[in-house]
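Below, each chain spelled out in residue letters.
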Amino acid sequence: MSIFSRIPFTLAFLIAMGTANWLAGTFTGILPPQALTTWGISHTAILNGEAYRLTTGTFLSHDIGMFTRQICFAAAAIGSYEWLEGTRRAFTLFFSANVLGSLLVLFGVLPLLVGHTDFASDAALFTHDVGMSAGGFGLIGALIAKQQRGWLLLSLALGLLAIKIGIHFEAIADTAHIVCLLLGFALQSILNAIHLRQC
């Protein structure tokens, strides 16, 4: 069995990312503002019924640097999980974490930050974001849950995210990374328990 037949979702995702960013204009150096506001995800956009943004924003990057980082991240995170768990599970877990995590952040975490802390202003509710890191961190959480010392590795990952937040906090991205990491860990833990019961 060739590598291409083992990770078809990963390959399709990488091609879709490259195509989406090429068509949107990211390869000129930066994602044009019009493309960001048209396809990116935000609290107000989803509130207005534009649910398609939960998917479209996933394939775009803010600039060519982010695209380079994220295509490597996608290849590593999606590819590793798909190789171990199969295409259907990788597809399902990635988009489950991506969609559920984004909704939890946009309608749970973000309003709390805006309304009750100094970490985010009202502008965060209108800010458009793009990227695949929400689903990617979901798969990282799932991969951690498959390890013998999963809880220890999860604590380490959360600690590293806390350090990043201490250096530079991005309300939507950073909270999405934490929420999706935990969500992926929880979903994989459930799958692990089901597998053990079936054995």
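Shown above is the structure to which this text applies.
Okay, so let's go over this structure.

1. Here's the deal with the overall build of the protein
When helices and strands are counted, the protein shows ten helices and zero strands. Secondary structure of the protein in N-to-C order comes out as α-α-α-α-α-α-α-α-α-α. With respect to the principal axes defined by its C-alpha atoms, the protein has extents near 50 × 40 × 35 Å. Counting over 199 residues, the protein shows a buried share of 44%. Contacts in the protein between residues at least 24 apart in sequence constitute 79% of all its contacts with a sequence separation of at least 6. When the 9 basic and 9 acidic side-chain charges of the protein are each reduced to a single mean position, those positions are 17 Å apart.

2. Comments concerning the layout of surface pockets
Left-over empty space is what a probe sized like a water molecule reveals as it rolls over the atoms. Within this model, the largest pocket holds a volume of roughly 580 Å³. For the largest pocket, the lining is made up of 31 residues, of which Asp129, Val130, Ser133, Ala173 and His177 are closest to its centre. Contributions of two or more residues to the lining of the largest pocket are made by α5 (53-56), α6 (64-85), α7 (87-116), α8 (133-145), α9 (150-167) and α10 (171-198). Take the lining of the largest pocket: its biggest share by element is six residues, from α10.

3. Some thoughts on the packing of α8 against α10
It is the contact of α8 with α10, at a shortest axis distance of 6 Å, that shows an interaxial angle of 40°. Considering the angle they form, α8 stands oblique to α10. Two packed elements cross with a definite hand, and for α8 against α10 that hand is right-handed. Listed contacts from α10 to Ser133, Ala134, Phe137, Gly138, Ile140, Gly141, Ala142, Ile144 and Ala145 of α8 are His177, Cys180, Leu181, Gly184, Phe185, Gln188, Ser189 and Asn192. For the contact of α8 with α10, the class distribution of residues is nine nonpolar, eight polar and no charged.

4. So, the environment of Gln70
Examined against the element boundaries, Gln70 turns out to sit in helix α6. Through-space distance from the C-alpha of Gln70 to that of Met17 is 9.2 Å; in sequence the pair is 53 residues apart. Apart from residues no more than four positions distant in its own chain, Gln70 is found in contact with Met17, Leu60, Ser61, Gly131, Met132 and Ser133. At 3.0 Å, the side chain of Gln70 forms a polar contact with the backbone nitrogen of Met132.

Here is what the cut-offs are and how they apply
Residues numbered from 1 in each chain as written. Predicted model: local features only at pLDDT ≥ 70, side-chain atom pairs only at ≥ 80, totals over all residues. Heavy atoms only, no water. Helix = DSSP H or I, 4+ residues; strand = E, 2+ residues; numbered from the N terminus. Buried < 20%, exposed > 50% of the residue type's maximum accessible area, 1.4 Å probe, protein only. Contact = heavy atoms within 4.5 Å. Lys, Arg positive; Asp, Glu negative; His and termini not counted. Charge placed at Lys NZ, Arg CZ, Asp CG, Glu CD. 1 Å grid on protein atoms, 1.4 Å probe; cavity = no way out; pocket = protein on both sides within 12 Å on 5 of 7 lines; lining within 4 Å. Points joined across faces, edges and corners; volume = space filled by probe spheres on them. Axes fitted to C-alpha atoms, helices over the stretch in contact; angles between N-to-C directions. Parallel < 35°, antiparallel > 145°, perpendicular 65-115°, else oblique. Left-handed = near helix turned anticlockwise from the far one by under 90°. Nonpolar A, V, L, I, M, F, W, Y, C, P; charged D, E, K, R; others polar. Polar contact = N/O pair within 3.5 Å; in protein donor to acceptor, adjacent residues only side chain to side chain.

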